[in-house]
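The residues making up each chain are set out below.
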Amino acid sequence: MTHRTSAGRRGLVASALGTGILISVLAAAPAAAATPTVSCTSAEAGLAAKLKKDITAALAGRKGTVAVGLYDRSTGTTCTLRASTAYDSASVVKVTVLAALLWDAQKNGRALTGREKTLATAMITKSDNASTSTLWKQLGLTKIKGFLAAGKMTQTKPGANGYWGLTQITVTDEQKLLKLLTAKNTVLTDASRAYVNKLMGQVVSAQRWGTPYGRPAGVTWHVKNGWLSRATHGWRVHSVGTFKGGGHDYQITVLTHGNSTMNYGITTIQGVAKVIHKDLAAS
C-alpha cells in the first residue's frame, strides 16, 4: 500500500466520514451491547406505553444495533434504548463542533467571523468535511473538551489525531446537546442557539432523511445526519432532530451500526421516527 503521511490519512478519513468509503485502518468500534428494552415515561396517561410498544414494533426484525432517544418537553415524555452505548459519530459530531465554536466565541465576547460562518454553513447544511476539519483544527481538543464539560456531555470522547468522525457519542449526550439547542440555558446564548437551529433547518434536501420522516404538516424540523462505513460493524447511520408544532416540542436521536447498507440504516431510523411523530401527534 502506498505510504501516506499522518495528514494524508486524516484527509482520507475525513473524506470517508461523509461519503461512506470503507475504512479498515482504524481501531475497531465498540462491541454491540446486549439487547435491552425500550424504556418510556410520560406525564400523559397511556403515551409511554404506546410509544414503547410502537418503537419496539418498528425495530422488530431490523438487523444491527440501534440506540434511541426521545424527549418531548410538552408532555414530559422520555424514551430511551441503549442510551449509553457508544457509536462512531460520523457527521453527527458537526453539531457539536458548531456549538463548541459558538461557545468559545461567547467566552471571548466576539461574533463569528465571515470565514467561520462560511465554514459553519457548509459543515451543517451540506455536511462538508473539509470545513469540519478546518474548524476542528482551529478549536483544538482543549476547547472541544471544554464545551463538552460545560454541556455535561461526559460520555462523548473526541476523536484523536484529527479523526473527528470517530468521536464516540451516545444517545444520552446527543439528547443533552439537543436540549441545549432548544431551551434557554447558561451554556449557549439565545443568539447562538438560533444560529445552530437556522443552519440545521437549511440542510440540503438530499440530507433531510432520518428523524424528520413522517412528521405531521406544520411541525418545524431541524436535522443533522451522519453516515460512515468501516470494516467492523458495517454502516453507521445516525440522525438527530428537533421538532416543534401540534402542541409538542420534542427531539429525537437515533444511532445505528451493523447496517448492511446506508439505505438499510436510513430505513431503520425512519421506521422509528414515523411512529414517534404519529404517537405524539395523536396525544
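> Tell me about helix H3 (residues 93-107), residues and numbers included.
With 15 residues, H3 extends 21 Å between its outermost C-alpha atoms, agreeing within 8% with the 21 Å of an ideal straight helix rising 1.5 Å per residue. Where H3 terminates, the next one or two residues include Gly-109, which has phi positive at roughly 60°.

> Talk me through the side chain of Arg-230; I want residue IDs and the actual numbers.
Along the polypeptide, Arg-230 turns up in the loop between strand S6 (220-229) and strand S7 (235-245). Of the residues examined, Arg-230 reaches a relative accessible area of 4% and is grouped as buried.

> Report on the sheet that holds strand S3 (residues 77-81), specifying residues and quantitative values.
If you walk across this open sheet you meet the six strands as S1-S3-S2-S8-S7-S6, and the pairing is antiparallel. A strand with exactly one partner marks an edge of an open sheet, and here the two such strands are strand S1 (39-41) and S6. This sheet shows a mean twist of 5° between the axes of neighbouring strands, independent of strand direction. Here strand S2 (residues 65-72) runs beside strand S8 (residues 248-259); their pairing, made up of eight bridges, is antiparallel. From the neighbouring strand, Ala-67 faces S8, where its bridge partner is Leu-255.

> Report on the packing of aromatic side chains, specifying residues and quantitative values.
Within the structure shown, the criterion is met by three aromatic pairs. One Lys or Arg, Arg-62, reaches over the ring of Tyr-264 and ends 3.9 Å from the middle of that ring. In this arrangement the basic side chain of Lys-179 is found over the ring face of Tyr-71, its NZ or CZ atom lying 4.3 Å from the centre.

> Give me the environment of Ser-133: which residues, what numbers.
Relative to the helices and strands, Ser-133 is located in helix H5 (residues 129-150). For Ser-133, a relative accessible area of 25% puts it in the partly exposed group. Taking the C-alpha atoms as reference points, Ser-133 and Gly-165, separated by 32 residues in sequence, lie 9.7 Å from one another.

> Tell me about the pairing of S3, and please be specific about residues and values.
By the alternation rule, side chains of S3 split into Thr-77, Cys-79 and Leu-81, which are all buried, and Thr-78 and Thr-80, of which none is buried. Looking at chain direction, S1 and S3 are connected through three bridges and run antiparallel. Residue pairing for S3: Thr-41 is matched across the bridge by Thr-78. Here five bridges tie S2 to S3, and the two strands are oriented antiparallel to one another.

> Run through the nonpolar core, naming residues and quoting values.
Counting residues in hydrophobic clusters, the biggest one holds 40 residues, and the most contacted among them are Leu-98, Phe-147, Leu-181, Leu-188, Tyr-195 and Val-196. If you list the elements that add at least two residues to this core, you get H3, helix H4 (114-125), H5, helix H6 (171-182) and helix H7 (190-200). Considering each element in turn, this core owes the most residues, ten residues, to H3. Leaving out residues up to four positions away in the same chain, Leu-98 has contacts with Ala-120, Met-123, Ile-124, Tyr-195, Val-196 and Leu-199.

Reading guide: rules and limits
- Residues numbered from 1 in each chain as written.
- Predicted model: local features only at pLDDT ≥ 70, side-chain atom pairs only at ≥ 80, totals over all residues.
- Heavy atoms only, no water.
- Helix = DSSP H or I, 4+ residues; strand = E, 2+ residues; numbered from the N terminus.
- Expected span 1.5 Å × (residues − 1).
- Buried < 20%, exposed > 50% of the residue type's maximum accessible area, 1.4 Å probe, protein only.
- Pairing = 2+ DSSP bridges.
- Axes fitted to C-alpha atoms, helices over the stretch in contact; angles between N-to-C directions.
- Phe/Tyr/Trp six-rings, centres within 6.5 Å; stacked < 30°, edge-to-face > 60°.
- Lys NZ or Arg CZ within 6 Å of the ring centre and 35° of its normal.
- Core = buried A, V, L, I, M, F, W, Y, C linked by side-chain atoms within 4.5 Å.
- Contact = heavy atoms within 4.5 Å.

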